[in-house]
Amino acid sequence: MLKFANNWLKAAVLEVQEYVRLVWAVLRGGVSRPFYYHDLIEQLEVIGVGSLTVVLLTGFFTGAVLALQSGVTLDQFGARPVVGRLVSASMVKELGPVLTALMLAGRVGSGIAAELGSMVVTDQISALRALGTDPVRKLVVPRVIAGLFMAPILTIVADFVGMIGGGVVAVTQLQVAWSVYRTSVIEGLYVEDAWMGIIKPFVLGFVIVSIGCHVGLRTRGGTQGVGRATTQAVVAASVAVLTVDFFVTRLLFSLMY
Amino acid sequence: MAALNSQHRSVLANERRHEDEAVVVFENVSLAFDDKVILRSVSFSLFSGHTKIILGGSGAGKSTILKLMLGLWRPDGGAIWVNGQRIDEMGETELIKVRASLGMVFQEGALFDSLTVRENVGYKLYEETDLPLDVVHQRVEEVLGFVGLGEYIDKMPSELSGGQRRRVAIARAMAAKPQILLYDEPTTGLDPITSTTVDNEIIKLRDLEEVSSIIVTHNLRDAFYVATHAAERRAGRIVIEPASAEKSDEAEFIMLRDGLIAFEGSAEELRRSNDPYLTEFLS
């Protein structure tokens, strides 16, 4: 039992150490040459444009169901017209960033882990190194930068369509006038909320992609290992999203509010 | 006495010349993963233009030697020299410069599956050099012509057969004109005819492009074929025929067993060995 705990602890410490080393290599790779620009463009397209549909659907229906649920509760206080405030504040501060990040963890994190994992098990990563290319600079840095910039953009899109979704429900189901809903949405938003909604996705985007890359590059054991890495990447990234979200929110509260 | 001294001096001078010509030197290299010992104090040298064929059963540490030579792994002990530079203490940035003189053909090819044959073969030249694009295109077409796959230039690796993939991997490894080529099981899983085609490419590169080679294999037929054949240009054609005894001696065999070198010598010496393990391995 003690041996098992010892081995588990060692493995956990090693994993953290390797992750920190990767993050450090990414930071160095991001500010020095060579930089693979065309890989960055490709990743901006894959991560950003490729995730647009899922983010649009998630954002719209989250906003819609939020309006539906809160409408019933607000009715008890005769406050149905302020449903917009609730939708906008919830979407911008919390649901937009977190749900977008969870969608990215499922779509992007797993994809990156599977892609890099298969490159590891088929010796393509070793081939890259043998051909004089640093795999971190070529594969990880462009993906992390793309994740860093596309996560906030996708979150803004999710927030916007979420408010539209909430508006559609408010008008069609709750019989709230569009102008009343719009005014309520604007009144519910503060500058601090907007900052929080923008800063959080930067951090979450970085976390999701760097975890996907880390897990992918540490894949062992053939195709079965690739499957395992994909699952691990989604689980680790999703848990990290929720955990990091709490700590970043706490930090931003103490800094801005 | 004077004659003996002179002979001794001549032997020493010859050894020194040989050491100078060594492009790869392994000096008491050891490696272990946890409790599993892979290599125990392995030492050998590869001389310029020569071939070293590393034999051994599965898990004997054959491919490990190639990965250590490329600096992909680090040894636990000993020293590794490539082109006069000690690589086992180098960082990744310095290793990238050393790797410029090395080419590696991985087991199964390890081609980049999202790139075409052209992009695979020219990868190093396109990505890691500032050569003009038309010069790179020309070199890619030249090396693909050398391995007889010119018409496959725009295909994806998934559209190629196993043998074609290995030949594209050879073309990729030679595109940047390395001085040393490392082959990891280049014919494993191929039929005898395709294996001979791959063997011929290895012989052509060694004899016509003067590339030093290290071949890791457990396929004895291919190992002896490469060691005992030579390529020559005759009237504009490339001819592959049995090599002279002197040429055959330039190919040296190493047999690995339990992390140690169990045999080192020429094809002829290997055939004549009475060691029970070698006899069993060769049968």
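A short tour of the structure in this document, coming up. (Residues numbered from 1 in each chain as written. Chains lettered and ligands numbered in written order. Predicted model: local features only at pLDDT ≥ 70, side-chain atom pairs only at ≥ 80, totals over all residues.)

1. Re the overall build of chain A
And then number 1: Helix and strand content of chain A: 9 helices and 0 strands.
And then number 2: The helix and strand sequence of chain A, counted from the amino end, reads α-α-α-α-α-α-α-α-α.
And then number 3: Dimensions of chain A along its principal axes, counting C-alpha atoms only, are 65 × 50 × 35 Å.
And then number 4: Looking at chain A as a whole, 47% of its 257 residues are labelled buried.
And then number 5: At a minimum sequence separation of 6, the contacts of chain A that also span at least 24 residues come to 89%. (Helix = DSSP H or I, 4+ residues; strand = E, 2+ residues; numbered from the N terminus. Buried ≥ 20, exposed ≤ 12 C-beta atoms within 10 Å, placed from the backbone. Contact = placed C-beta atoms within 7 Å.)

2. A word on the overall build of chain B
And then number 1: Summing up its helical and strand segments, chain B has 12 helices and 12 strands in all.
And then number 2: Taking 2.2 N^0.38 as the reference for a compact globule, 283 residues should give roughly 19 Å; the C-alpha atoms of chain B span a radius of gyration of 19 Å, in line with that estimate.
And then number 3: Projected onto its principal axes, the C-alpha coordinates of chain B cover approximately 65 × 45 × 40 Å.
And then number 4: Across the 283 residues that make up chain B, the buried fraction comes to 40%.
And then number 5: When contacts within chain B are restricted to residue pairs at least 6 apart in sequence, long-range pairs at least 24 apart make up 63% of them. (Rg over C-alpha atoms; globule rule 2.2 N^0.38 Å.)

3. Some points on the interface of chain A and chain B
And then number 1: Contacts between the two partners involve 11 residues from chain A and, on the opposite side, 16 residues from chain B.
And then number 2: Classifying every residue of the side of chain A that touches chain B by side-chain character gives 3 nonpolar, 5 polar and 3 charged. (Nonpolar A, V, L, I, M, F, W, Y, C, P; charged D, E, K, R; others polar.)

4. Some details on the nonpolar core
And then number 1: Ranked by internal contacts, the top residues of the largest apolar core, which has 136 residues, are Ile208 of chain A together with Ala171 of chain B.
And then number 2: For alanine 171 of chain B, the contacting residues outside a window of four places in its chain are Val121, Val143, Leu144, Phe146, Val147 and Leu149 of chain B. (Core = buried A, V, L, I, M, F, W, Y, C linked by C-beta atoms within 7 Å.)

5. Points about helix 6 (residues 135-172) of chain A
Residue and element names in this part refer to chain A.
And then number 1: Its 38 residues place the ends of helix 6 53 Å apart at the C-alpha level, agreeing with the 56 Å of an ideal helix rising 1.5 Å per residue.
And then number 2: Taking the largest bend as the criterion, helix 6 deviates by roughly 30°, centred on valine 141, and proline proline 142 comes between one and four positions later.
And then number 3: Of all 38 residues that make up helix 6, 28 are buried, and the element is covered over most of its length. (Expected span 1.5 Å × (residues − 1). Bend = angle between axes of the 7 residues up to and from the residue.)

6. Describing the packing of helix 3 (residues 52-75) of chain A against helix 4 (residues 83-121) of chain A
Residue and element names in this part refer to chain A.
And then number 1: Relative to each other, helix 3 and helix 4 sit at 145°, their axes nearing to 9 Å. Crossing angle aside, the handedness with which helix 3 passes helix 4 is right-handed. Residues Val54, Val55, Thr58, Gly59, Thr62, Gly63, Leu66, Ala67, Ser70, Gly71 and Leu74 of helix 3 lie in contact with helix 4, whose contacting residues are Val83, Leu86, Val87, Ser90, Met91, Leu95, Gly96, Leu99, Thr100, Met103 and Arg107. (Axes fitted to C-alpha atoms, helices over the stretch in contact; angles between N-to-C directions. Left-handed = near helix turned anticlockwise from the far one by under 90°.)

7. Quick look at unusual backbone geometry
Among all residues save glycine, negative phi is the norm, and among peptide bonds the norm is trans.
Residues and elements named next belong to chain A.
And then number 1: That bond from arginine 33 to proline 34 is cis: its omega, -5°, falls within 30 degrees of zero.
And then number 2: Here proline 34 shows up in the loop between helix 1 (2-30) and helix 2 (37-48).
And then number 3: Positive phi is not limited to glycine here, since glutamine 175 has a value of about 55°.
And then number 4: Turning to its location among the elements, glutamine 175 is positioned in the loop between helix 6 and helix 7 (178-187).
And then number 5: In this structure glutamine 175 comes out as exposed when scored by C-beta crowding, with 9 C-beta atoms within 10 Å.

8. Comments concerning the sheet that holds strand 8 (residues 212-216) of chain B
Strands pair in a sheet through their backbones, by hydrogen bonds, and they do so in one of two ways: parallel or antiparallel.
Residue and element names in this part refer to chain B.
And then number 1: Taking strand neighbours across the sheet as the criterion, the 6 strands line up as 6-7-8-3-11-12 in an open arrangement whose pairing is mixed. On the outer flanks of this sheet lie strand 6 (102-105) and strand 12 (260-265), each paired with one strand and no other. Strand-to-strand, the axes of this sheet are offset by a mean angle of 15°, without reference to chain direction.
And then number 2: One ladder, built from 5 bridges, connects strand 11 (residues 251-257) with strand 12; its direction is antiparallel. By the bridge assignment for strand 12, leucine 256 is matched with isoleucine 261. (Pairing = 2+ DSSP bridges.)

9. A look at the sheet that holds strand 4 (residues 77-82) of chain B
Residues and elements named next belong to chain B.
And then number 1: Reading across from one edge, 2-1-4-5 is the order of the 4 strands in this open sheet, with antiparallel pairing throughout. Of all the strands in the sheet, just strand 2 (36-47) and strand 5 (85-86) have a single pairing partner and so form its edges.
And then number 2: Against the sheet, helix 2 (residues 62-69) contacts strand 1 (22-33), strand 2 and strand 4, and its axis sits at roughly 115° relative to strand 1.

10. Some details on the packing of helix 1 of chain A against helix 8 (residues 191-217) of chain A
Residues and elements named next belong to chain A.
And then number 1: In the contact formed by helix 1 and helix 8, the axes pass within 10 Å of each other and the chain directions differ by 115°. For helix 1 against helix 8, the interelement crossing comes out right-handed. In contact with Glu18, Tyr19, Leu22, Val23 and Val26 of helix 1, helix 8 contributes Ser210, Cys213 and His214.

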